[in-house]
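Report on the structure
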Number of protein chains: 2
Amino acid sequence: MPTYRAPVEDTLFVLNDVLNIQRYNNLPGFEEASPDMIEAILGEAGKLAEEVLQPINRIGDEEGCTRHEDGSVTTPKGFKEAYDTYRESGWGGLPFPEEYGGQNLPATLATCVGEYVASANMAFGMYPGLTGGAVAALLQHASEEQKQTYVPKMISGEWSGTMNLTEPHCGTDLGLLRTKAVPQGDGSYKISGQKIFISAGEHDLTSNIIHLVLARIEGAPEGVDGISLFVVPKFVLDADGNPGERNGVSCGSIEEKMGIHGNSTAVLNYDDATGYLVGEENRGLKAMFVMMNEARLGVGVQGLAQSEVAYQNAVDYAKERVQGRSISGVKAPDKKADPIIVHPDIRRILMRMKSFNEAARALVLWTALKGDIHHRSDDAEAKEAADELMGLLTPIVKGVITDRGFDNAVEAQQVYGGHGYVEEWGMSQFVRDARIAMIYEGANGIQALDLVGRKLPRKGGKAVQAYFAEVGALADEHMGNEDLKAFAEPLKKGLGELQAATMWLMQNATQNPDEAGGASTDYMHLFGLVAFAHMWLLMAKAAQEKLAQGANGNATYYENKLATGRFFMARMMPECGMLRRRIEAGAETMMALDAEAF
Amino acid sequence: MPTYRAPVEDTLFVLNDVLNIQRYNNLPGFEEASPDMIEAILGEAGKLAEEVLQPINRIGDEEGCTRHEDGSVTTPKGFKEAYDTYRESGWGGLPFPEEYGGQNLPATLATCVGEYVASANMAFGMYPGLTGGAVAALLQHASEEQKQTYVPKMISGEWSGTMNLTEPHCGTDLGLLRTKAVPQGDGSYKISGQKIFISAGEHDLTSNIIHLVLARIEGAPEGVDGISLFVVPKFVLDADGNPGERNGVSCGSIEEKMGIHGNSTAVLNYDDATGYLVGEENRGLKAMFVMMNEARLGVGVQGLAQSEVAYQNAVDYAKERVQGRSISGVKAPDKKADPIIVHPDIRRILMRMKSFNEAARALVLWTALKGDIHHRSDDAEAKEAADELMGLLTPIVKGVITDRGFDNAVEAQQVYGGHGYVEEWGMSQFVRDARIAMIYEGANGIQALDLVGRKLPRKGGKAVQAYFAEVGALADEHMGNEDLKAFAEPLKKGLGELQAATMWLMQNATQNPDEAGGASTDYMHLFGLVAFAHMWLLMAKAAQEKLAQGANGNATYYENKLATGRFFMARMMPECGMLRRRIEAGAETMMALDAEAF
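Residues numbered from 1 in each chain as written. Chains lettered and ligands numbered in written order. Predicted model: local features only at pLDDT ≥ 70, side-chain atom pairs only at ≥ 80, totals over all residues. Heavy atoms only, no water.

1. What to know about the side chain of Gln414 of chain B
Keep this limit in mind: Counting from the N terminus, the helices are the DSSP runs of H or I reaching at least four residues and the strands are the DSSP runs of E reaching at least two. Definition of a polar contact: a pair of N or O atoms within 3.5 Å, with one able to donate and the other able to accept a hydrogen when the atoms are protein atoms, and with sequence-neighbouring residues admitted only if both atoms are side-chain atoms. Residue contacts follow a heavy-atom distance rule, with two residues in contact if any of their heavy atoms lie within 4.5 Å.
Within the secondary structure, Gln414 of chain B is located in helix H10 (residues 380–415). A distance of 2.9 Å separates polar atoms of two side chains, one belonging to Gln414 of chain B and the other to Arg435 of chain A. Among the polar contacts listed, one links the side chain of Gln414 of chain B to the backbone oxygen of Met438 of chain A, at a separation of 2.8 Å. The residues touching Gln414 of chain B, leaving out its near neighbours within four places in the chain, are Arg435, Met438, Ile439, Ala443 and Asn444 of chain A.

Laid out in structure tokens, this is it:
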């Protein structure tokens, strides 16, 4: 059976030593987040993940959710009890305002907690995760009355939330959506239509489910400019604000999926369901987009989380399983064979995962911190700069970390040989669960287009220029440092490839838009490698400083950190040149065939 | 529901125009394989795959195999009827000698049939596939009496076969195996022990199952030099050679696996089962190794097969699903959106798959043909050269084609967006089924070690030098050809990277064996790219010749072939440089951490 140990020490290293989160204690909510408080919260979150959520991960996969004839859905054994524990401990309110019952702590901290939860039980984590997303949308776009009505009970976990975008004929292209909203003259609307792939769309964990639904008000324009956002509770609230009459929304079926079996993915049929407009008419898509950066960051975290837990289990197996002898001489003479961790090709897999996980964790938190600065700073310039950088890095966090997170789950499974293919050992579940993160919240191809088509050119390329300047300056600063050169040089080289690819895109994509689409995925991955290398230089610098200060008896930790980073720079960064060359090969050969030729 | 169309035209192009299989009609069995005969056989095989096997692929996945309390196993609905059809049509005997009831046709042709079967229904194909492997082992190592006893009924499909290597504590490292064989004085042995992961180990398709079992004769040396091969029938044969008394082998359980649910993966418990020695005492592993090249080729075919069927379904979806508008202008003005095949990032995915599948098919058949030449030629030099080249390319066919075949199944699933994650659409099954091919018959890391540690240095590097010379000469020959330059130049460049990496390995791995292991997987993939590019130059040359000859009204086919190849050369070959740089980065950073640091 797989196990999980929350990587609290690594998270603390990133927060305290790499990002120096205490620098930001002038921001609201950050002043409470003292080092001791952070450590206590992460410790508790780790315990929740390890002791409550991980033990029911396999059963969630095996049993899945059950839809009954009346349309109700039962979650797997143990999920309700675990949810009650989660709710009672107040985890749902961590980053939200105190006035609605939250704790107003940094969202960065909630991101750390989210990683542990998603490692321990990704399917479970989606129930509160979706609620958090819906809360964020309501906080940004709903009226004060709506906020007072829904948010406190969602933050407390009494009610949960969902996001309803996709319809059978449209996912990416929401302009095609058909769900309609008919105004009733009393401020409410009747919503009718079918939504599919609604995660946590129906379940038995909470007394109400608050659906946020994109629909088209009768007579609204076609396309994306005619979409509005509605709140549609499963039970319409009575005069006291408690769940009353059943609303006209029902679960038609739940999908049988490759993974995340413990989360119900519902087809929701809206049949004159009572809904209430959130924000302005016809501005629904925009409202969704504003919060999408945060939701996408959350999916990137899932990619990291599955990579981390798969890695941990691969390490355990590689230390226990004896098979063959080390190519460089017997390592365990007392055994009939050496543990497979001695074999270089197994090391290669483990080092790839380890060096990715640590960089990805840093990048996720670096990006989350930008989000906090954006939301909480009162310095207009810093606010905007942080928002732009978060927007720029979000498709990379989502697209690259979920692509590589999945690959890592596959590689971790490979370490187990035949046992990896047998469900009982749990490695298959990591692969199957991780797979969805590449698809939902915008398939990774869409992330790449968002990066190349929207985020790069935004405001004349202001964000990307600022980013290149920051990374380039950091690399230059440490180029002369004997110990950090192994980090600064490959970073500088990778950045050079990325800048050249960016220039190539600017020159070619304007003349032929297919060049943007044809280059986008490779470009996103090139950007991702540079972003990871940036994190590695920051981490190496922090580790070096700690070592210089005596390392508090923890020198091995920092030396291992440096060694892990050196692997990343030496063995992962050569991909940059290939990605650039692929991009510069252009889209011509890609677009040469007629559709009939496939 | 997924569909499948056997790519008969492509197979014929490779056999007839690229490999010029008619050149070999002086070899036994090849003389019957006239172009018309080949086309007829492939057409029939295609129909079998499309009409009999593909329709039960989903049900095989959903229903899986069922083990009953008495240890018997029932295959999914429809498998028995499909197996009867397969058996009655005589497919099992295609490449085997006529004296045992076979048709003695080229194994290359059986490889083509194997691709179609594995695309249509991989789990089904393993039942006859394993039988074929067992037949090949018996033909090479068994006594004439044993051959007469078992082979005809295995070739006819009346009985099936299995390979029993793995035990709970050993897979890769067979030297550790414990199953024991006690001589009974009458030429038979009593076999006891437990074997796991036995594909097709127990089922209801045939009246007997002939297990080939590796075991250690009492008193034999430890390690790999004490392993012998035994034949152990499920039912001991009576005096007439018919299944009689139940032997002491029983199915203890079947595994719940990630995929290939339609194939039973059995734990087989041997308890004083009657077995008969095949070949010499203590030479069992060697006997297995001889046939392993062919078995590994078969697994490479599975990688191609899943990539092909996943590709076909991704194409169908990309043509039907409308979503968004083409970045270069509306393509389907009569629809609300364009089919997604217009989008460059979708094209990228489809072209990667298409250009891989066509090259992989050529490489598989090129390698299979070497096997035929080895077995059937009477020219000693040609025989040996073919055997060496087959040995060299086999780990590449197995390791690279299954790695990339799996990646392609994942990418094909990605084309479907959310629908790809829902089991009903069938794309998840391709991913889950394809996954095992990277693991069994020697995990791909083992293939890489086989290449670097065994196949490269064999006979002083004779095979690899011959291969480099052949590929280099071909590239040089066409460097001046305006149309083929786009193929010859990247091939030459890739070959240069491969030769440099080979040199680096020779220089460094002798001093530090960890360098061989550390480089092995990247080296195998570098070799694979060069082998694919080699196939692309051969295919481009054949297509160009056909076009020059008027192309028989089929010019579009050959022009598309050239266009597909140009994509491969432009967008896939840049990986070569990266792989070389990774290799040359060395194993130092990979091996730097202590095991405790993970």
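2. Regarding the relation of the copies chain A and chain B
Inclusion rule: When the copies are superposed, the least-squares fit draws on C-alpha atoms of residues that have pLDDT of at least 70 in both.
Between the two copies, chain A and chain B, the superposition gives an RMSD of 0.0 Å; the rotation angle is 180 degrees and the shift along the axis is 0.0 Å. Expressed as an axis order, the relation between the two copies is that of a two-fold axis. Minimal C-alpha separation from the rotation axis in chain A is found for Met578 of chain A, amounting to 2.9 Å.

3. Observations concerning the pattern of salt bridges
Note on pairing: side chains with opposite charge can pair once their charged atoms come close. What counts, and what does not: We count a salt bridge whenever a side-chain nitrogen from Lys or Arg sits within 4 Å of a carboxyl oxygen from Asp or Glu.
For the structure on display, the rule yields 74 salt bridges over all chains. The shortest N-O distance in the salt bridge between Lys492 of chain B and Asp476 of chain B comes to 2.9 Å. Here Lys492 of chain B, found in helix H15 (residues 485–509), pairs with Asp476 of chain B, found in helix H14 (residues 462–478); they are 16 residues apart in sequence, far enough to count as distant. For Arg580 of chain B, the salt bridge goes to Glu584 of chain B, with nearest N and O atoms at 2.9 Å. You can see Arg580 of chain B and its partner Glu584 of chain B sitting in helix H18 (residues 575–584), 4 residues apart, about one turn around the helix. The structure contains a network of salt bridges with shared partners spanning Asp10, Glu115, Glu308, Lys354, Glu358, Arg361 and Lys561 of chain A.

4. Details of the interface of chain A and chain B
Condition: In this description, buried area is defined as the sum, over both parts, of the accessible area (probe of 1.4 Å) that is lost when the two are combined. Basically, the charged four are Asp, Glu, Lys and Arg, the nonpolar ten are Ala, Val, Leu, Ile, Met, Phe, Trp, Tyr, Cys and Pro, and anything else, Gly included, counts as polar.
With 92 residues of chain A at the contact, the number on the chain B side is 92 residues. Counting the surface lost from both chain A and chain B, the interface buries some 7,900 Å², and carbon and sulfur atoms represent 60% of this. Looking at the side of chain A facing chain B, the largest losses of area belong to Tyr421, Arg571 and Phe598 of chain A, adding up to 12% of the total buried there. Here chain A is connected to chain B by 6 salt bridges. With a closest N to O distance of 3.0 Å, Arg571 of chain A and Asp522 of chain B form a salt bridge. Here chain A is connected to chain B by 47 residue pairs in polar contact (both at pLDDT 80 or more). Of the residues forming the side of chain A that touches chain B, the biggest block, 8 residues, is contributed by helix H9 (residues 344–376) of chain A. Of the residues in the side of chain A that touches chain B, the class split is 42 nonpolar, 23 polar and 27 charged.

5. Side note on the pairing of strand E9 (residues 243–246) of chain A
Residue and element names in this part refer to chain A. Quick reminder of the rule: Two strands are counted as paired when DSSP detects at least two bridges linking them.
Bridging between strand E8 (residues 235–237) and E9 involves 2 bridges; their strand directions are antiparallel. By the bridge assignment, Phe235 is partnered in E9 with Arg246. Here E8 folds back onto E9 in antiparallel fashion, the turn holding 5 residues, of which Gly241 has a positive phi close to 80 degrees.

6. Points about the packing of aromatic side chains
The cut-off we apply is this: Pairing of aromatic side chains requires ring centres within 6.5 Å, counting the rings of Phe and Tyr and the six-membered ring of Trp. Pairs whose planes differ by under 30 degrees are stacked, by over 60 edge-to-face, and all others tilted. Whether a residue is buried, partly exposed or exposed follows from its accessible area with a 1.4 Å probe, protein chains only, as a fraction of its type maximum: under 20%, in between, or over 50%, in that order. A ring is considered to have a charge above it if a Lys NZ or an Arg CZ atom is located within 6 Å of its centre and within 35 degrees of its normal.
A full pass over the atoms with the stated rule returns 39 aromatic pairs over all chains. With a centroid separation of 5.8 Å and an interplanar angle of 70 degrees, the aromatic rings of Phe79 of chain A and Phe124 of chain A are classed as edge-to-face. Placement of the pair is Phe79 of chain A in helix H4 (residues 79–88) and Phe124 of chain A in helix H6 (residues 122–141), with a sequence separation of 45 residues. Residues Phe79 of chain A and Phe124 of chain A agree in their burial class; the two are buried. Three or more aromatic residues link up through ring pairs in this structure, and these residues are Trp366, Tyr467, Phe468, Tyr523 and Phe527 of chain A. Between Arg435 of chain A and the ring centre of Phe406 of chain A, over which it is positioned, the NZ or CZ distance is 5.6 Å. The ring of Trp366 of chain B carries Lys370 of chain B above its face, with NZ or CZ at 4.5 Å from the centroid.

7. Looking at helix H8 (residues 284–320) of chain A
Think of an α-helix as 3.6 residues a turn; residues three or four steps apart then line up on the same face. Residues and elements named next belong to chain A. Filter applied, for reference: What a helix is expected to span follows from its residue count: subtract one and scale by 1.5 Å. We define the bend at any residue as the angle between the axes fitted to the seven residues before and including it, ending there, and the seven starting there.
With 37 residues, H8 ought to run about 54 Å at 1.5 Å a step, and its terminal C-alpha atoms sit 53 Å apart, in line with that. Met292 marks where H8 bends most, by close to 45 degrees. Most of H8 sits out of view: 28 of its 37 residues are buried.

8. A closer look at the nonpolar core
Considering soluble globular proteins, one finds that nonpolar side chains tend to be buried as a cluster. How we decide: Residues enter a nonpolar core if they are buried and are Ala, Val, Leu, Ile, Met, Phe, Trp, Tyr or Cys, with the set joined through side-chain atoms within 4.5 Å.
Judged by nonpolar contacts, the single largest core of 416 residues is most densely connected at Tyr523 and Phe527 of chain A together with Tyr523 and Phe527 of chain B. Filtering out sequence-adjacent residues up to four positions away, Phe527 of chain B remains in contact with Leu392, Ile396, Leu451, Leu456, Val464, Tyr467, Phe468 and Leu498 of chain B.

9. Regarding the pairing of strand E11 (residues 265–278) of chain A
Residues and elements named next belong to chain A. Among the 14 residues that make up E11, 10 are buried, leaving the element largely enclosed by the rest of the structure. In terms of strand pairing, strand E5 (residues 188–199) meets E11 through 9 bridges, oriented antiparallel. Note on E11: the bridge partner recorded for Gly193 is Tyr270. Pairing analysis gives 5 bridges linking strand E10 (residues 249–254) to E11, with the strands arranged antiparallel. Each bridged residue has a counterpart across the sheet, and for Ser250 the counterpart in E11 is Asn269.

10. Describing the environment of Met578 of chain A
On the secondary structure map, Met578 of chain A appears in helix H18 (residues 575–584). Overall, the relative accessible area of 3% leaves Met578 of chain A in the buried class. Residues in contact with Met578 of chain A, not counting those within four places in the same chain, are Pro574, Glu575 and Met578 of chain B.

11. Description of the environment of Val113 of chain B
Residue and element names in this part refer to chain B. By secondary structure assignment, the location of Val113 is in helix H5 (residues 107–120). For Val113, a relative accessible area of 6% puts it in the buried group. Separated by 70 residues in sequence, Val113 and Gly43 have C-alpha atoms that sit 9.6 Å apart. With residues up to four places along the chain from it excluded, the contact list for Val113 reads Ile41, Ala45, Trp91 and Leu94.

12. Some points on the packing of H6 of chain A against helix H7 (residues 144–155) of chain A
Residue and element names in this part refer to chain A. Note the threshold: Lines fitted to the C-alpha atoms define the axes, with helices restricted to the stretch that makes contact. Angles between their N-to-C directions range from 0 to 180 degrees. Angular relationships are summarised with four words: roughly parallel below 35 degrees, roughly antiparallel beyond 145, roughly perpendicular across 65 to 115, and oblique for the angles in between. When the near helix sits turned anticlockwise from the far one by under a right angle, the crossing is termed left-handed; a clockwise turn instead gives a right-handed crossing.
Interhelical geometry of H6 versus H7 gives an angle of 155 degrees and a closest axis separation of 10 Å. On the basis of the axis angle, H6 is roughly antiparallel to H7. Judged by the sense of rotation from one axis to the other, the crossing of H6 with H7 is left-handed. Judged by residue contacts, Thr131, Ala134, Val135, Leu138 and Leu139 of H6 engage Lys147, Tyr150, Val151, Met154 and Ile155 from H7.

13. Observations regarding the state of the cysteines
Here is the rule we go by: In what follows, a disulfide is any cysteine sulfur pair within 2.5 Å.
Throughout the structure, instances matching the rule amount to 0 disulfides over all chains. Of all cysteine sulfurs, the one in Cys251 of chain A lies closest to Cys65 of chain A, which takes part in no disulfide; the gap is 9.8 Å.

14. Comments concerning the confidence of the model for chain A
Under the convention used in this document: Every residue is assigned a pLDDT by the predictor, reflecting its confidence on a scale from 0 to 100.
Of the residues in chain A, 100% have a pLDDT of 70 or more, and the chain-wide mean is 97. The complex model carries a pTM of 0.98, and its ipTM stands at 0.98.

15. Some details on the environment of Ile583 of chain B
Here Ile583 of chain B lies in helix H18. Given the relative accessible area of 0%, Ile583 of chain B is considered buried. Look past the residues within four positions of Ile583 of chain B in its chain and what remains in contact with it is Arg571 of chain A together with Ala501, Trp504, Ala519, Asp522, Tyr523 and Leu526 of chain B.

16. A closer look at the side chain of His211 of chain A
Residues and elements named next belong to chain A. In this structure, His211 sits in strand E6 (residues 208–217). For His211, a relative accessible area of 1% puts it in the buried group. Side chain to side chain, His211 and Thr162 meet in a polar contact 2.8 Å long. Beyond its immediate stretch of four places on either side in the chain, His211 contacts Thr162, Asn164, Gly201, Phe230, Val231, Val232, Lys234, Val249, Leu268 and Tyr270.

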